[in-house]
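Coordinate analysis (summary)
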Amino acid sequence: MQNQPLLQLNNISKSFGGLHVLQDVNLSVPQGEIFGLIGPNGAGKTTVLNLITGLLRASGGSITFAGEDIGKIAPHKITERGIARTFQNIRVFKEMTLLENVVVGMHDHMDYGFAGMLFNLGGYRKCEAQARERALELLSWVRLDHKAQMLADSLSYGEQRKLELARALATKPKLLLLDEPVAGMNPSEKTELMTEILNIKQRGFSIFMIEHDMRFVMGLCDRIAVLNFGRIIAEGTPEQIKNNQEVIEAYLGKEEAA
Ligand SMILES: Nc1ncnc2c1ncn2[C@@H]1O[C@H](COP(=O)(O)OP(=O)(O)OP(=O)(O)O)[C@@H](O)[C@H]1O
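Residues numbered from 1 in each chain as written. Predicted model: local features only at pLDDT ≥ 70, side-chain atom pairs only at ≥ 80, totals over all residues.

Quick look at the nonpolar core
- Among the nonpolar cores identified, the biggest contains 69 residues, and V102, A135, A166, L177 and V226 are the most heavily contacted of them.
- When we break this core down by domain, the ones giving at least three residues each are domain 1 (1-82 + 173-258) and domain 2 (96-171). (Core = buried A, V, L, I, M, F, W, Y, C linked by C-beta atoms within 7 Å. Buried ≥ 20, exposed ≤ 12 C-beta atoms within 10 Å, placed from the backbone. Domains from an automatic or database assignment.)

So, the site of the ligand
- Within the structure, the ligand sits among F16, L19, V21, G39, N41, G42, A43, G44, K45, T46 and T47.
- Where the shell around the ligand is concerned, the elements lending two or more residues are β2 (19-30) and α1 (45-52).
- Residue classes in the shell around the ligand are distributed as 4 nonpolar, 6 polar and 1 charged. (Near = placed C-beta within 6 Å. Helix = DSSP H or I, 4+ residues; strand = E, 2+ residues; numbered from the N terminus. Nonpolar A, V, L, I, M, F, W, Y, C, P; charged D, E, K, R; others polar.)

Quick word on the sheet that holds strand β8 (residues 206-210)
- The strand order across the open sheet formed by 6 strands is β6-β7-β8-β3-β9-β10, and the pairing between neighbours is mixed. In this open sheet, the two strands that pair with only one neighbour each are β6 (83-85) and β10 (231-236). Across the sheet, the mean angle from the axis of one strand to that of its neighbour is 20 degrees, orientation sign disregarded.
- Each of β3 (34-38), β6, β7 (175-179), β8 and β9 (223-228) is contacted by α1, which is oriented at about 150 degrees to β7, the strand it contacts most.
- Running over the sheet, helix α10 (residues 245-252) touches β9 and β10 and is turned about 130 degrees from β10. (Pairing = 2+ DSSP bridges. Axes fitted to C-alpha atoms, helices over the stretch in contact; angles between N-to-C directions. Contact = placed C-beta atoms within 7 Å.)

Comments concerning the sheet that holds strand β4 (residues 60-65)
- The strand order across the open sheet formed by 4 strands is β2-β1-β4-β5, and the pairing between neighbours is antiparallel. At either end of the open sheet lies a strand with only one pairing partner, and these are β2 and β5 (68-69).
- Sheet analysis places strand β1 (residues 5-16) next to β2, joined by 8 bridges and oriented antiparallel. Following the sheet pairing, I12 is matched in β2 by V25.

Considering the domain arrangement of the chain
- If you check the domain split of the chain, you get domain 1 (1-82 + 173-258) and domain 2 (96-171).
- By residue number, the principal contributor to the side of domain 1 that touches domain 2 is helix α7 (residues 187-202), which donates 5 residues.
- Across the side of domain 1 that touches domain 2, the residue classes break down as 6 nonpolar, 4 polar and 2 charged.

Remarks on α1
- Of all 8 residues in α1, 6 are buried, a share of seventy percent or more.
- Where α1 is concerned, the buried positions are K45, T47, V48, L49, L51 and I52.
- Phi for G54, located one or two positions after α1, is positive at around 85 degrees.

Focus: helix α3 (residues 98-106)
- Of all the 9 residues making up α3, 7 are buried; the element is thus mostly covered by neighbouring parts of the structure.
- Those residues of α3 lying buried are L98, L99, N101, V102, V103, G105 and M106.

In structure tokens:
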């Protein structure tokens, strides 16, 4: 159903020893939208992402995804439930082709184990063929299908980031988490990626991203939340966020904002 929250963070707090990194964070990510989390360096954005994906446990509060509490389950179980992510640091397999990179991302979701492969070779081959076809389609979504048989190592930095995106989509996620998707990209790569992410949204995916590039975030997101020193200081449409005095001060400092 459109606009029913897909992901909810309820009064989340996180401390590392005596350091309170997140306090009372409430976020609601609607289905079918692109939601952006922004904030100055060290505000706690990566910590939020790591809590959602189960890499970290919250000190307080709860996280609900598709109506279920996911706050205490293991990262791979969270992936199985439909959350996929890309990382700030590229993690593609450089010695594999683009196609193989995406097929590897699918394997957890395929029905054939080792026994299946031995005793039902025909079925296994069919499954593999379908996986390759699907991988090619995902590569076409980020306009890399013409390079499907090339080694990932031969790609530019921006293209490798797009390959990561295709691989994340291979798990058929309900929610795609993007960790600074345009970091290190040149302006034309950023513009291209903007169109591709919009197309991915049109295909029914919900997206949650953290990103520093304001033009990208403002141009792409339906809603944006702003984190500063571990607290949400504003939430709204890009237009509302652009004109919010507290947000301007958080980025520029009080004196400069004045
Ligand atoms: N494992 C950890 N142990 C101790 N402190 C941590 C740990 N992880 C993060 N922090 C601290 O938590 C705060 C928030 O860090 P976080 O990486 O979430 O911020 P961020 O908003 O993602 O920053 P950036 O935009 O620079 O990536 C920082 O002060 C950081 O030093």
